[in-house]
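This is what each chain is made of:
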Amino acid sequence: MSGNFVLVKNHIRYNALFAFSIAAMLFSLLVDTPKEILDGFVRILQSPSNLLTDYMAVGGVGATFFNAGSLTFLIILSLWSRKQLVTGPIVAAVFTVFGFSLFGKNIFNSFPITVGVYLFAKLEGVEPNTLIMNTIFGTALSPAVSYICFGMGMPFVQGFIISYLAGIGIGMVLPPLSRSFLKFHEGYTLYNMGFTCGIIGLFIQGVLGSFNLSINTVRILSDDKELAISIFVYLFFLVVLLCGFLLNGKSFKGYLALLKNSGRTPTDFSHMYGHGLSMINMGLLGLLYTTFVLVSGQTLNGPILGGIFTIFGFATFGKHLRNVLPILFGTLIAYFLNVYDPGSVGAMVTVLFATNLAPISGEYGIVAGVIAGFAHVSIVQNVGVLHGGLNLYNNGFAGGFVAAALMPIFESLRNSPVLQKLRGQHEEHN
């Protein structure tokens, strides 16, 4: 832990988050006209939104960024009105919302889930602020609301009532389930809510199937290479990196200490190492993965940008260069050896979101991280059918299984008397 680090006042953190959400909405006006944005936004709100539905293909770039910016703004406004402290987990949640609002979340399908969590808090007699992470991350199941309302052919009023009742019900069961499932993987996947939502999505899929109501899988993706998006993203990450550098005394001092942290949940880098170093880490990871995507020849569409912004957000809550790179190498090795297309959008999305397993490499080393990344590719290809694309955090769902399976093995190997003796002999020899 760094001894002399900088903490930024809470209201300044809120101002920065508000500024980003407003910048995203203003960016929408640079790429499309107000009429195009409005028409596209309506199409987004009426989309079934199950995986993979790229809102850029549904409503256009302008409407997509307006949707993401406006929903993020409302989330931040809600946090501010509750006087919520802006911590690392909160920052991770805000940017995850922004990322997934590019391909699955909107105000229509997110609202009932947040209401459900609020009602659970009231029924349990607990402060709603204590369940804020459930409120924000639980919107992973937003497509369930949209799909019931718009994807099943029901009249709008009927679909609206049923979908909102379902969304409220989802929100009410999220808090107890998320607490329980955290024990399943013991914090070695950063997307605990993704695993929880995957289990709930499995039940929803089963219930719909029992009434002979199937969920149609989709792949609605934009392939337009918008230079303006690249410029916006790069500028934002560079500004964050520069601000972090300035806050940290115009240096990277202390960053090596941050890199030694395993990142296992819960780990708040901003609290432990200061906002300067935390922002440096965020800027570096954002720039690294954006560059990786573009060098790989991929388009910055909704799902891929969602992955990048999720990595960026979690760079203050568990991810850093040292623990994500082994996962990256593991996923790349898997794609070049198996039968799946390494150049597909789906492959890139998996590479980005597989970083939810970063704590494994942080805790058990590079080889363990490579193995986890490799295993994740195989698992994630087969779990999506369980929830029918109703859970946006499909990689979090897969990551829960990978972490739960590998962690006991790695722990056993680390505690093996034989291996400990060999490591001791190696250290004595050196």
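Residues numbered from 1 in each chain as written. Predicted model: local features only at pLDDT ≥ 70, side-chain atom pairs only at ≥ 80, totals over all residues. Heavy atoms only, no water.

## Let's talk about the confidence of the model for the chain
- The predicted model of the chain has a mean per-residue pLDDT of 92, with 96% of residues at 70 or higher.
- Of all the helices and strands in the chain, helix H21 (residues 417–429) carries the lowest mean pLDDT, 64, while helix H2 (residues 34–45) carries the highest, 98. (pLDDT = per-residue confidence, 0-100. Helix = DSSP H or I, 4+ residues; strand = E, 2+ residues; numbered from the N terminus.)

## Let's talk about the state of the cysteines
- Here the structure, examined in full by the defined rule, presents 0 disulfides.
- In this structure Cys-197 is not part of a disulfide, and its nearest cysteine sulfur, from Cys-149, lies 20 Å away.
- Overall, Cys-197 belongs to the buried group, its relative accessible area being 0%. (Disulfide = S-S within 2.5 Å. Buried < 20%, exposed > 50% of the residue type's maximum accessible area, 1.4 Å probe, protein only.)

## Remarks on the nonpolar core
- Residues Phe-65, Phe-95, Ile-229, Ile-304, Leu-305 and Phe-309 are the most contacted members of the largest nonpolar core, which totals 102 residues.
- The dominant element in this core, judged by the number of residues it contributes, is helix H5 (residues 88–100), at 9 residues.
- With 13 residues, the next largest nonpolar core counts Ala-354, Tyr-364, Val-402 and Leu-406 among its residues. (Core = buried A, V, L, I, M, F, W, Y, C linked by side-chain atoms within 4.5 Å.)

## So, the packing of aromatic side chains
- In the structure shown here, the tally under the stated rule is 42 aromatic pairs.
- Ring plane angle 35° and centroid distance 6.0 Å describe the contact between Phe-95 and Phe-236, whose orientation is recorded as tilted. A residue pair is termed long-range when its members are at least 10 positions apart, and Phe-95 in helix H5 and Phe-236 in helix H11 (residues 227–247) qualify at 141 residues.
- Under the relative-accessibility criterion, Phe-95 is labelled buried at 4%. (Phe/Tyr/Trp six-rings, centres within 6.5 Å; stacked < 30°, edge-to-face > 60°.)

## Points about the pattern of salt bridges
- Throughout the structure, instances matching the rule amount to 3 salt bridges.
- A salt bridge links Arg-414 to Glu-411; its shortest N-O distance comes to 2.9 Å. Here Glu-411 and Arg-414 lie together in helix H20 (residues 394–414), a separation of 3 residues that amounts to about one turn.
- Given the relative accessible area of 24%, Glu-411 is considered partly exposed. (Salt bridge = Lys/Arg side-chain N within 4 Å of Asp/Glu carboxyl O.)

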